[in-house]
Amino acid sequence: RILMMNTPDSQIRWDNFVVNTIGGGATTLADNFDDEDYSGWGVWSGSWDASDGRLHEAPGGSVGLLSHTQSAVNNIASLSYFCADTSDPNEYMSVYPRLNYSTNDQLILDIYPGKMVVRQYLGGTFTTLASNLSLPSEEGEWYDVVIISRNEQIEVWRSSGYRIEYDAYGQIASVQDS
């Protein structure tokens, strides 16, 4: 399952969400919201809107959560996000490329206006695996993110050239920041 979250009144928009399996290359999820619809996504909380061809949480709501069933553990998830306002460094969005209901294990990518953080929730404990505290986001710009999941290894890329890779033991294997 893929889960996405926005904080209340977040000025971040989602678009071009695609998940492909590694190896076979089969597309297990694709939605660009151009049809102004987000059917197939399960809304857990908040009020969501895609009427402008981009998915975002409606203003004034609570923390918004929505998910889409996607069963491939080894996958490549790509998405685009838009920062409409960078004035509040505490506003963020999260992508959960891995969410296991039965064990409640989670891998979380938090994207703030000035940083990205990769966290894991395992055995009831949150652990920060990697972060970049100086990753600027320009107001009014679109950014592409790619999350590659291979067994226990994860790579996160952003179009600005930032890359985090960590291994099966939660150790950072590589960080590149151009």
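Per chain, residue numbering runs from 1 following the sequence as it is written. Given that this is a predicted model, residues contribute local features only at a pLDDT of at least 70 and side-chain atom pairs are listed and counted only at 80 or more, while totals for whole chains, interfaces and linings are drawn from all residues. As a rule here, side-chain values come from all non-hydrogen atoms in the structure, and water together with hydrogens is ignored.

Draft legend 1. Here's a closer look at the pairing of strand S12 (residues 125-132). Two elements, strand S11 (residues 116-122) and S12, share 7 bridges in a ladder whose sense is antiparallel. Note that in S12 the partner of Val-118 across the bridge is Ala-130. Once S11 ends, the chain turns through 2 residues before running back antiparallel as S12, passing Gly-123 with a positive phi of about 60°. Should DSSP find at least two bridges between two strands, the strands are regarded as paired. Secondary structure elements follow DSSP: runs of H or I no shorter than four residues count as helices, runs of E no shorter than two count as strands, and numbering proceeds from the N terminus.

Draft legend 2. Fine view of the nonpolar core. As used in this record, nonpolar core signifies buried Ala, Val, Leu, Ile, Met, Phe, Trp, Tyr and Cys residues forming a set joined through side-chain atoms within 4.5 Å. Buried, partly exposed and exposed residues are distinguished by accessible area as a fraction of the type maximum, computed with a 1.4 Å probe on protein chains only: under 20%, between the cut-offs, and over 50%, respectively. In terms of nonpolar packing, the biggest core is built from 30 residues, with Trp-14, Leu-55, Leu-79, Tyr-81, Leu-109 and Val-145 touching the most fellow members. Those elements giving two or more residues to this core turn out to be strand S2 (12-21), strand S8 (75-83), strand S9 (93-100), strand S10 (105-111), S11, strand S13 (141-150) and strand S14 (153-158). With sequence-adjacent residues up to four places away left out, Leu-55 is seen in contact with Met-4, Ile-12, Arg-13, Trp-14, Phe-33, Tyr-38, Trp-48, Asp-49, Ala-50 and Leu-66. Note on definitions: a residue-residue contact is assigned when non-hydrogen atoms from the two residues lie within 4.5 Å.

Draft legend 3. Inspection of the side chain of Arg-119 at higher detail. Structurally, Arg-119 is set in strand S11. Throughout this description, a polar contact denotes any pair of N or O atoms lying within 3.5 Å of each other; where both atoms belong to protein, one of them has to be capable of donating a hydrogen while the other can accept it, and for residues adjacent in sequence the pair is counted only when both atoms sit in side chains. In terms of polar contacts, Arg-119 uses its side chain to reach the side chain of Asp-110, at 2.6 Å. With residues near it in sequence (within four places) discarded, Arg-119 still touches Gln-106, Leu-107, Ile-108, Asp-110, Phe-126, Thr-127, Thr-128 and Leu-129.

Draft legend 4. How the structure looks around the pairing of S8. Most of S8 sits inside the fold, with 7 of its 9 residues counted as buried. The pairing of S2 with S8 spans 8 bridges and is antiparallel. Its bridge partner lying in S8, Arg-13 is registered against Phe-82.

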